[in-house]
Amino acid sequence: MLTKILLVCVIVAATLAILISISYWWIFLRNPLRFDITDGMAYILEWQERPMIKSRLGPIVGIGNGRVQAYLGVPYAEPPVGDGRFLAPVAKVPWEIAYDATSFPKIAWQDGGGILGARDPARMSEDSLFLNIFTPSADDATRPVLLWIHGGSYYEGSANEFDGSVLAEQGDVVVVAINYRLGTLGFLDLSALGDEFAGSASNGIRDQLAALQWVRNNISDYGGDPGNITLFGESAGGGSVLSLIATPDADGLYQQAIVHSGGMIETTPTDDTQQLADYLGVSIDELAKTLRAMSPQELVALRGTLSLNTGASVDGTVITRASSEAILDRKENGVPIIAGYNRDEGEFFAMIIPSFFHSRIGGIVGQGVVPGMDSAHYLKELKEAYPGDSGPRHFARIWDELLIRGTTHSAVRASAAGAGGWLYRFDMPVQRGVNRKAGAVHGAEIAFTFNAFASDAPATAFFYHKDDPEVRKLALNWSNTIIQFARSGNPNGAGLPEWPQYTAETREVLILDTDPRVESIPMRADRQRWGDTEESASEFYR
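Note that this is a predicted model, so its numbers are computed, not measured. (Residues numbered from 1 in each chain as written. Predicted model: local features only at pLDDT ≥ 70, side-chain atom pairs only at ≥ 80, totals over all residues. Heavy atoms only, no water.)

Undergrad: Could you clarify how one ought to interpret the layout of surface pockets in this entry?
TA: Here the idea is plain: a probe the size of a water molecule rolls over the atoms and shows the empty space left. In this structure, the second largest pocket encloses a volume near 240 Å³. Lining the second largest pocket are 18 residues, with Pro89, Arg206, Leu209, Ala210 and Gln213 sitting closest to its centre. Among the residues forming the lining of the second largest pocket, the class breakdown is 10 nonpolar, five polar and three charged. (1 Å grid on protein atoms, 1.4 Å probe; cavity = no way out; pocket = protein on both sides within 12 Å on 5 of 7 lines; lining within 4 Å. Points joined across faces, edges and corners; volume = space filled by probe spheres on them. Nonpolar A, V, L, I, M, F, W, Y, C, P; charged D, E, K, R; others polar.)

Quick look at the structure:
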């Protein structure tokens, strides 16, 4: 009997190894979406100035180039290790010796392989709750503050991949990029193990909230206005912005919000505690102790091994209701929101995810498009609406609709509530570093938001030709629009066409390409499929 069990285990392990090998071949060798992008951040470490300030937490030394100062790896919370693992973050205590903020900090533990290249485990740590600050000067000015939350499906990415120096200099603003716990360390629901773990499914969001509180309390030391903070983020970062909107403890800590390609926050956490206990061979009573004794590498691996759900959810303790409800509940006391999506979002995922996973993953993503509804019925209707779609195109369209619905859903409710919502669509196709047939892929707009083409980073750091005048013009006007919104709560008057709010009545969208313009895009058939049938603001409050 034991021999048979061992034989089955060997067969399963071999099968998994084959699947992993095929996936690797597909994604990194065969895949037509081939990346050729170099580091766009290393040049910052060559800056020669070393400004030192006396912050309220203690002395700190940054790095500067004569126009901008950067304070890298500033801690906003104590390391969440030992008994603090899986618990809420604890605010960083003051220090006495000058803190060295001249190099990029450790990043959160995550899978070693990334789409844009492998991430070095030596750069990972549970002690990763840091933020990077870019400011024209750490003086007494009160500049608008933009707080960036990175994406990566809530299980990869870091603040170290985003250069806020151009925005800081261009707009006389302060830009902050933050790390937060990821994957099983940041979003594993252990609430079934006792009150100690209530809200553990949103520990990554708690980290973001702690960073926001830190910025509110300390950013004046760096030339920022604690009374004018804009949240912005892309993909999981956009979802994180919506998560904070649905987090009551964050109310009043920020004044504007920008959601790039973010899905709605509507679902509740999945209780995987029994599955974890069975896999680890322990009782439920022993599970917390066992998980705390494991290495971070082992914990990170559990997400993929057991297909654990580690994303933002309505846990009931931190995030207390769906993001759409939160926007409507706050009415005119909410914050103005810019939201938007890229024209070819789904092509990115159809290319990087092997086709033999499309059916299974498509079903999961489909549930995210219509949470609380019959996803099988939705997918059937989608196929019927586009009968000519190939398998990969159908899969891509599901991803399209996930992010289109998430952003339209949020913007139209912000307008209906009275705070104001604006919707964009980014259409400029990628030009280099990746297969140009990919189009305006997921994440392509980020360099335009940060106007990274005006930085000193090498030209090979971008998906677009850095010296293309059309690229530079759009990047300048769009980044100025972001700055204008952060300054005033209204995106108009910064170089792009007059941008009306996105309302249920007009459905007007700003198209971002070589010819920026506003178009009415009703999407009635799509909205009918999603259950979003409102044609007037009053219908949201029936």
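Now that the structure is up, let's keep going.
Undergrad: Looking at this structure, I do not really get the sheet that holds strand β2 (residues 58-61). What am I missing?
TA: In a beta sheet, neighbouring strands pair by backbone hydrogen bonds and run either parallel or antiparallel. On the basis of which strands lie adjacent, the open sheet formed by three strands has the order β1-β2-β5 and mixed pairing. Single-partner strands in this sheet number two, and they are β1 (52-55) and β5 (99-100). Sheet topology note: the β2/β5 ladder contains two bridges and is parallel. Paired with isoleucine 60 across the two strands is tyrosine 99, which belongs to β5. (Pairing = 2+ DSSP bridges. Helix = DSSP H or I, 4+ residues; strand = E, 2+ residues; numbered from the N terminus.)

Undergrad: I'm lost on unusual backbone geometry in this one. Help?
TA: Excluding glycine, residues mostly carry a negative phi; peptide bonds, for their part, are mostly trans. Here phenylalanine 86, not a glycine, exhibits a phi torsion of approximately 75°, which is positive. Residue placement: phenylalanine 86 occurs in the loop between β4 (69-75) and β5. Assessed through its relative accessible area of 2%, phenylalanine 86 is described here as buried. The backbone of serine 153 sits at a positive phi, close to 60°, despite the residue not being glycine. (Buried < 20%, exposed > 50% of the residue type's maximum accessible area, 1.4 Å probe, protein only.)

Undergrad: Looking at this model, I keep getting lost on the nonpolar core. Mind explaining?
TA: In a soluble, globular protein the nonpolar side chains are often hidden away together inside. Counting residues in each nonpolar core, the largest one holds 145 residues, and the members touching the most others are Leu131, Ile133, Phe426, Phe448, Tyr464 and Trp478. At 11 residues, the largest contribution of residues to this core is made by helix α13 (residues 391-417). In contact with tryptophan 478, other than residues within four places in its own chain, are His260, Ile338, Tyr424, Phe448, Thr449, Leu496, Trp499, Leu510 and Leu512. Counting residues in hydrophobic clusters, the runner-up holds 20 residues, among them Ile107, Trp109, Ala277 and Val300. (Core = buried A, V, L, I, M, F, W, Y, C linked by side-chain atoms within 4.5 Å. Contact = heavy atoms within 4.5 Å.)

Undergrad: Is there a simple way to explain the environment of glycine 183 in this structure?
TA: Mapped onto the elements of the fold, glycine 183 is located in helix α3 (residues 183-187). With relative accessibility at 5%, the residue glycine 183 sits in the buried group. Apart from the residues within four sequence positions on either side, glycine 183 is in contact with Tyr154, Tyr155, Leu188, Arg303 and Thr310.

Undergrad: Is there a simple way to explain the packing of helix α6 (residues 273-280) against helix α7 (residues 284-293) in this structure?
TA: When two helices pack together, their arrangement is given by the angle between the helix axes and by the axis-to-axis distance. Orientation of α6 relative to α7, taken along the N-to-C sense of each, is 75°, at an axis distance of 9 Å. In terms of orientation, α6 and α7 fall into the roughly perpendicular class. Within the contact between the two elements, α6 uses Thr273, Gln274, Leu276, Ala277 and Leu280 and α7 uses Ile284, Leu287, Thr290 and Leu291. Taken together, the residues of the contact of α6 with α7 break down into six nonpolar, three polar and no charged. (Axes fitted to C-alpha atoms, helices over the stretch in contact; angles between N-to-C directions. Parallel < 35°, antiparallel > 145°, perpendicular 65-115°, else oblique.)

Undergrad: Even after reading the chapter, I still don't get the packing of helix α11 (residues 358-369) against α13, so can you show me in this structure?
TA: The interhelical angle for the contact between α11 and α13, taken along N-to-C directions, is 20°, at an axis separation of 9 Å. Judged by the inter-axis angle, α11 sits roughly parallel to α13. Both α11 and α13 take part in a crossing whose hand is left-handed. Of α13, the residues touching α11 (which contributes His358, Ile361, Gly362, Val365, Gly366, Gly368 and Val369) are Pro392, Phe395, Ile398, Trp399, Glu401, Leu402 and Arg405. Tallied by class, the residues present in the contact of α11 with α13 amount to eight nonpolar, four polar and two charged. (Left-handed = near helix turned anticlockwise from the far one by under 90°.)

Undergrad: Would you mind showing me how to read the sheet that holds strand β8 (residues 174-178) here?
TA: Taken in spatial order, the 11 strands line up as β3-β4-β6-β8-β7-β9-β10-β11-β12-β13-β14 in an open sheet, and their pairing is mixed. Each edge of the open sheet carries a strand with a single partner, namely β3 (63-64) and β14 (517-520).

Keep in mind that these numbers describe shape and distance, not what the molecule does.
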